[in-house]
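# Working through the structure, step by step
Each chain, letter by letter, is given below.
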Amino acid sequence: SRNNPDTNGPALPGDAYEFTVTPTANEHYLSLATMVVQSNDAFFAFGPEGVALLDEQGSPRDPAAIAADVARTLDVWDVGSEANEVPGVGPNQVLQQSGPDTGPADPDNTVRKYSDVTNDLGGPLAGGFAQVFVSQPNAGMLEIRVENTSGGSAFPGILTPIAWAVHSESTGLFTGGMPASPGLAALAEDGDPSVLAAELAA
């Protein structure tokens with residue numbers, strides 16, 4: 001598959017984003033988020049706590065074990081701001097809406113796992129839409145590759161640029177069952193990772 005050299009551009013089926021992380025004793029959890037295009041406000045992420053890159057003794061975990069946790073926890077989440085429509089055809093989705101953040105409000109304004117009448121994006125590896133690979137090019141460093149694998153899925157689509165962070169156990173991208181932060185909402189609704197990245201940096 002191809003690499004997407006422009007981290008500010010979309011990742012089409014077969015494209016991937018790559019970045020390297022260096023965990024420390026105080027910051028050894030990885031979280032990331034990318035918008036599902038087209039959707040109203042869905043995003044890919046691990047669980048709220050992220051994925052541990054070091055073990056309880058502070059030693060590097062085997063990349064295969066990290067990858068197994070990634071595959072187990074990667075899921076499609078709903079930010080809770082807009083009512084869901086069938087992926088790719090809803091008139092209020094990001095590529096077809098008349099203006100930003102248009103469409104009926106979601107009656108449940110909390111972050112939770114994505115679900116609709118037919119569970120369009122359900123199943124292993126986020127319904128086949130995305131896959132995350134973990135490798136170790138150097139001691140203490142991990143390379144993360146997020147690939148758009150939706151070409152063979154029921155709803156081929158696009159991934160937006162990724163917001164990611166290596167963080168402590170007390171920090172996360174979101175809390176399940178609670179409203180999303182403005183940054184996460186901006187990413188999930190409009191594919192803009194900059195506000196969430198600023199929130200994480202703060």
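Presented here is a report on the structure given in the accompanying data block.

Reading guide: rules and limits
Residues numbered from 1 in each chain as written. Predicted model: local features only at pLDDT ≥ 70, side-chain atom pairs only at ≥ 80, totals over all residues. Heavy atoms only, no water. Helix = DSSP H or I, 4+ residues; strand = E, 2+ residues; numbered from the N terminus. Buried < 20%, exposed > 50% of the residue type's maximum accessible area, 1.4 Å probe, protein only. Contact = heavy atoms within 4.5 Å. Areas by Shrake-Rupley, 256 points an atom, 1.4 Å probe, with all protein chains shown as cover. Pairing = 2+ DSSP bridges. Polar contact = N/O pair within 3.5 Å; in protein donor to acceptor, adjacent residues only side chain to side chain. Axes fitted to C-alpha atoms, helices over the stretch in contact; angles between N-to-C directions. Parallel < 35°, antiparallel > 145°, perpendicular 65-115°, else oblique. Left-handed = near helix turned anticlockwise from the far one by under 90°. Nonpolar A, V, L, I, M, F, W, Y, C, P; charged D, E, K, R; others polar. Core = buried A, V, L, I, M, F, W, Y, C linked by side-chain atoms within 4.5 Å. 1 Å grid on protein atoms, 1.4 Å probe; cavity = no way out; pocket = protein on both sides within 12 Å on 5 of 7 lines; lining within 4 Å. Points joined across faces, edges and corners; volume = space filled by probe spheres on them.

Here we come to the overall build of the protein. Check the secondary structure of the protein and you find four helices and 10 strands. In sequence order, the secondary structure elements of the protein are arranged as β-β-β-β-α-β-β-α-β-β-β-β-α-α. Sorting the 202 residues of the protein into buried and exposed places 48% on the buried side. In the protein, once contacts between residues fewer than 6 apart in sequence are set aside, the share between residues at least 24 apart is 68%. In the form shown here, the protein has an accessible surface area of approximately 9,200 Å², with 54% of it arising from carbon and sulfur atoms.

The next subject is the pairing of strand E8 (residues 141-148). Most of E8 is tucked away, with six of its eight residues classed as buried. Pairing of strand E1 (residues 16-21) with E8, which is carried by six bridges, proceeds in the antiparallel orientation. Its bridge partner being in E8, Glu-18 is matched across the sheet by Arg-145. Relative to E8, strand E7 (residues 130-138) runs antiparallel, the two sharing seven bridges. Each residue of the ladder has a partner; that of Val-134, found in E8, is Ile-144.

Quick look at the side chain of Thr-160 now. Its place among the elements puts Thr-160 in the loop between strand E9 (158-159) and strand E10 (163-167). A distance of 3.0 Å separates a polar atom in the side chain of Thr-160 from the backbone nitrogen of Met-35. In this view, Thr-160 contacts Tyr-17, Thr-34, Met-35, Val-37 and Gly-191; residues no more than four positions away in its chain are not counted.

To summarise the sheet geometry, strands pair through backbone hydrogen bonds and adopt either a parallel or an antiparallel arrangement. Spatially, the three strands line up as an open sheet ordered E1-E8-E7, and their pairing is antiparallel. Looking at which strands have only one partner, the edges of the open sheet turn out to be E1 and E7. Direction aside, the axes of adjacent strands within the sheet are offset by 20° on average.

Orientation of helix H3 (residues 182-190) relative to helix H4 (residues 194-201), taken along the N-to-C sense of each, is 150°, at an axis distance of 7 Å. With respect to their mutual orientation, H3 and H4 come out roughly antiparallel. Viewed along their axes, H3 and H4 form a crossing whose handedness is left-handed. Contacts between H3 and H4 involve Pro-182, Gly-183, Leu-184 and Leu-187 from the former and Val-195, Leu-196 and Glu-199 from the latter. Grouping the constituent residues of the contact of H3 with H4 by class yields five nonpolar, one polar and one charged.

Here the focus is the nonpolar core. Counting residues in hydrophobic clusters, the biggest one holds 28 residues, and the most contacted among them are Val-21, Leu-30, Phe-44, Phe-46, Ile-144, Val-146 and Leu-159. Sequence-distant contacts of Val-21, defined by excluding residues within four places in its chain, comprise Leu-30, Leu-53, Gly-140, Met-141, Leu-142, Ile-144, Trp-164 and Val-166. If you look at the next biggest cluster of nonpolar residues, it comprises 15 residues, including Ala-33, Phe-43, Val-111 and Ala-163.

Further remarks concern empty space enclosed by the protein. Counted by the stated rule, this structure contains one cavity of 30 Å³ or more. Taken as a whole, the largest cavity spans an internal volume of roughly 30 Å³. If you go around the largest cavity, the residues you meet are Ser-31, Leu-32, Ala-45, Phe-46, Gly-47, Pro-48, Gly-50, Leu-173 and Phe-174. In terms of residue class, the lining of the largest cavity is built from six nonpolar, three polar and no charged.

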